[in-house]
Amino acid sequence: MNTFFSPARLNALLAKEFIQMRRDRVTFAMMLGVPLMLLILFGFAINNDPKRLPAALLAMSNDQYSRAMVTALENTGYYRFDHIAESEAEAERLLERGTVSFVVTIPADFGTRVARGDQPQILIDADATDPSVASGAISTLGTVASQALLRAQGKQAAAAENARSQLDVVVHRRYNPEGISQYNIVPGLLGVILQMTMVMMTAMALTRETERGTMENLLAMPASPVEIMFGKVLPYAGVGAVQVVVVLIAAKLLFFVPFIGGMTLLLSSILIFVLGLVLLGYSISTVSRTQMQAMQLTFFFFLPSILLSGFMFPYRGMPGWAQTLGEIFPLTHFLRVVRAVMLKGATLPAVAGEIVWLIGFVVLFAGMALARFRRTLD
Amino acid sequence: MNVIEVNGLTKRFGDKTVVDDVAMTVAQGEIVGFLGPNGSGKTTTIRMMCGLLTPDEGEGTVLGYDIRTESLKIKREVGYMTQRFSFYEDLTIGENLEFVARLYQLRPMEQHVADTLEDLGMTSRRNQLAGTLSGGWKQRLALAACIMHKPKLLLLDEPTAGVDPKARREFWDEIHRLAHGGLTVLVSTHYMDEAERCHRISYISYGKMLATGTVAEVVHNAGLTTFVVQGPKLDAVARDLEKRPGVEQVAPFGATLHVVGSDKTALEAALADVEKDHKGVTVAPGETSLEDVFIQFMAGSKDNMAS
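Residues numbered from 1 in each chain as written. Chains lettered and ligands numbered in written order. Predicted model: local features only at pLDDT ≥ 70, side-chain atom pairs only at ≥ 80, totals over all residues.

### Quick notes on the UniProt feature "transmembrane region" (unreviewed entry) in chain A
Residues and elements named next belong to chain A.
Link 1 in the chain: Annotation from UniProt places "transmembrane region" (unreviewed entry) at residues 26-46, 185-206, 233-257, 263-285, 297-315 and 355-373.
Link 2 in the chain: Secondary structure content for residues 26-46 is 95% helix and 0% strand, and the end C-alpha separation is 28 Å.
Link 3 in the chain: The span residues 233-257 carries 84% helix and 0% strand; its end-to-end C-alpha distance comes to 30 Å. (UniProt positions renumbered as here; feature names shortened; annotations may be inferred. Helix = DSSP H or I, 4+ residues; strand = E, 2+ residues; numbered from the N terminus.)

### Structural notes on the interface of chain B and chain A
Link 1 in the chain: Across the boundary between the two partners, chain B contributes 23 residues, which contact 21 residues of chain A.
Link 2 in the chain: Elements with a minimum of two residues in the side of chain B that touches chain A: helix 2 (71-77) and helix 3 (93-103) of chain B.
Link 3 in the chain: Counting residues per element, the side of chain B that touches chain A draws most heavily on helix 3 of chain B, at five residues.
Link 4 in the chain: Residues of the side of chain B that touches chain A, tallied by class, amount to twelve nonpolar, four polar and seven charged. (Contact = placed C-beta atoms within 7 Å. Nonpolar A, V, L, I, M, F, W, Y, C, P; charged D, E, K, R; others polar.)

### With respect to the domain arrangement of chain B
Link 1 in the chain: Along its sequence, chain B is carved into domain 1 (4-219) and domain 2 (225-287).
Link 2 in the chain: The centre of domain 1 of chain B, based on its C-alpha atoms, is set 40 Å off from the matching centre of domain 2 of chain B. (Domains from an automatic or database assignment.)

### Topic: the sheet that holds strand 1 (residues 53-59) of chain A
Residue and element names in this part refer to chain A.
Link 1 in the chain: The mixed open sheet is built from four strands, whose spatial order is 2-1-3-4. Only two strands of the sheet have a single partner each, and these edge strands are strand 2 (79-84) and strand 4 (123-126). Mean inter-strand twist for the sheet, computed between neighbouring axes without regard to direction, equals 30°.
Link 2 in the chain: Summarising the sheet, strand 1 and strand 2 pair through five bridges and their orientation is parallel. Directly across from Leu57, in strand 2, lies its bridge partner Ile84.
Link 3 in the chain: Running over the sheet, helix 3 (residues 64-75) touches strand 1, strand 2 and strand 3 (102-106) and is turned about 130° from strand 2.
Link 4 in the chain: Taken strand by strand, helix 6 (residues 131-139) contacts strand 1, strand 2, strand 3 and strand 4, and its axis lies near 160° from that of strand 4. (Pairing = 2+ DSSP bridges. Axes fitted to C-alpha atoms, helices over the stretch in contact; angles between N-to-C directions.)

### Digging into the UniProt feature "domain: ABC transporter" (unreviewed entry) in chain B
Link 1 in the chain: As recorded in UniProt, the feature "domain: ABC transporter" (unreviewed entry) lies at residues 4-231 of chain B.
Link 2 in the chain: The distance separating the terminal C-alpha atoms of residues 4-231 of chain B is 48 Å; by composition the span is 35% helix and 29% strand.

### Quick word on the pairing of strand 9 (residues 200-205) of chain B
Residue and element names in this part refer to chain B.
Link 1 in the chain: The buried fraction of strand 9 is high, at five of six residues.
Link 2 in the chain: The sheet contact formed by strand 3 (residues 31-35) and strand 9 spans four bridges and is parallel. The residue bridging Val32 from the neighbouring strand is Arg200, located in strand 9.
Link 3 in the chain: Between strand 9 and strand 10 (residues 208-213), which pair antiparallel and follow one another directly, the connecting turn spans two residues, one of which, Tyr206, has a positive phi of 45°. (Buried ≥ 20, exposed ≤ 12 C-beta atoms within 10 Å, placed from the backbone.)

### Points about the domain arrangement of chain A
Link 1 in the chain: Looking at the assigned domains, one finds that chain A contains domain 1 (7-46 + 179-372) and domain 2 (53-165).
Link 2 in the chain: Relative to domain 2 of chain A, the C-alpha centre of domain 1 of chain A lies at a distance of 48 Å.

### Here's the deal with helix 5 (residues 135-147) of chain B
Residues and elements named next belong to chain B.
Link 1 in the chain: Its 13 residues place the ends of helix 5 19 Å apart at the C-alpha level, agreeing with the 18 Å of an ideal helix rising 1.5 Å per residue.
Link 2 in the chain: All of the buried residues along helix 5 are Lys138, Gln139, Arg140, Leu141, Ala142, Leu143, Ala144, Ala145 and Cys146.
Link 3 in the chain: On the buried face of helix 5, the contacting elements are strand 6 (78-81), helix 3, helix 4 (109-120), strand 7 (153-157) and helix 6 (165-180). (Expected span 1.5 Å × (residues − 1).)

Have a look at this one:
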């Protein structure tokens, strides 16, 4: 009899695991319900390019030029003037409290200076505690303001002239021309959701047997470490597959995320990623003695991988060492693959390097799990 | 060839020696009782024999297989029933048995499961969750699952803890029936009446094997003398006797006192004037029981858990 691997014994373990999963209704519902919930919640909630931010206007004069400025700023879509400040102190207070993100101050002599052609000034105070909130709004200011002024002065021709004579920078916002956050967030969420449920569920799997005392019995019976590993890992990978289908359908129907690349490539890279995750969870399972420890280890891994993978913050914006650190998380590589394939229509050669990383993780985690697996109760 | 033949088995957890230089021989078809107080190393010894723990020192064979290198082969031919119910409580009785039958690759699987259920008298409860069974039924299920693959050796770790007397009786009848069919059984227990149902017993205390043999041999080899004291106000007599040299144990048994000592002459001297000192009290020579011997062992062995 083969002691290393037998399909019959693996089947026994798989059947057992599926029955247990089916009986544990709450967990089962969570495995399918939570991904959908998270996707809908975060998919609609997260926005990297905030618009219509509250702003206060402190206008010392009320002439046509000031009005033109305000209209121009509102037209950028970033400013929503819902406060009119009566004094500097009041404006200061609004900004300090966080009621508004911007205070636009138009000095008393603004109109006069424009009329004189004497370099008029406006002041914009931005709450830059969160740099990403302010950056979009500020970056559009320069050109918008000067164009608006010229038009207000009735110098349409000059405005056109001015626009033409300037250095013509052509920007193509490729792959996501409208800058829709969801296109970026939803594929990322797929990775994050899979990582959370897969790693955590599998991390609990073996420690649960240890805690309930069934491990002793399992070890006393003729099941090999490889069989026990796959017996635990495959059912959860199966759950992962269902989650993937749910999330992808939701991405298409709710968020209209484009699926440009090949479906086969997308699904096979997801499969490799999922396999890596469940094996990682299983490795955690082999080193922890209680489900609590497994949980803590999972979270220890979870947070840095979300923060450093490029899901929340731009990967390129991190210092070199942090980027290197980011490379050790499967999520980092998965995000690159899935974004490239879904949004850019990348083909295998373009993402092969990242897929090799993912396969490397599968091998590494499987090796770790088997090396750490205790065949005895020592 | 002996089914179990181990010697010098030693296991340490940290700096505590849980099993210390234990030797044991069990012949085919024997039922051997493994006795000892809580924490004496019974479970650890059994686990080393079925390959669940690696001994730090010592060697031996189980069913002719080396316990260090051939634990996989041992596992396939041994039935091990754990102290705590260790089948799946969220699986039904039938599913648990199917799981075991498949792991041991018993064919035809369905037939094995059906037969086992039939033997257990659980055919009608096949779809009941194992977790909802009472202690006695859990124990029967566990035993049935352990012997489904027809092991040659059965290792039972305190199988009757928390089981009512009738279920215990039935359990032991089953064990004897199996042994009669050639199965070898090593069973750990606390109960004296169970020890007396074994062919041989081994007594372990704080990791050390203190005695082994038939019940009569163990009692005889302990070399204890016992007197039975009868009469009124025995509690006063007991307090008096405990102070006398040569008296090592004074234990009330119903309306009598068992007075035990290892030095016969000293004990006789101590008891010589008891009948005079206490009115109406009689002293007669008595049979030393297995329990007297065990109490003696426990008093004499050093507790290594306390350090």
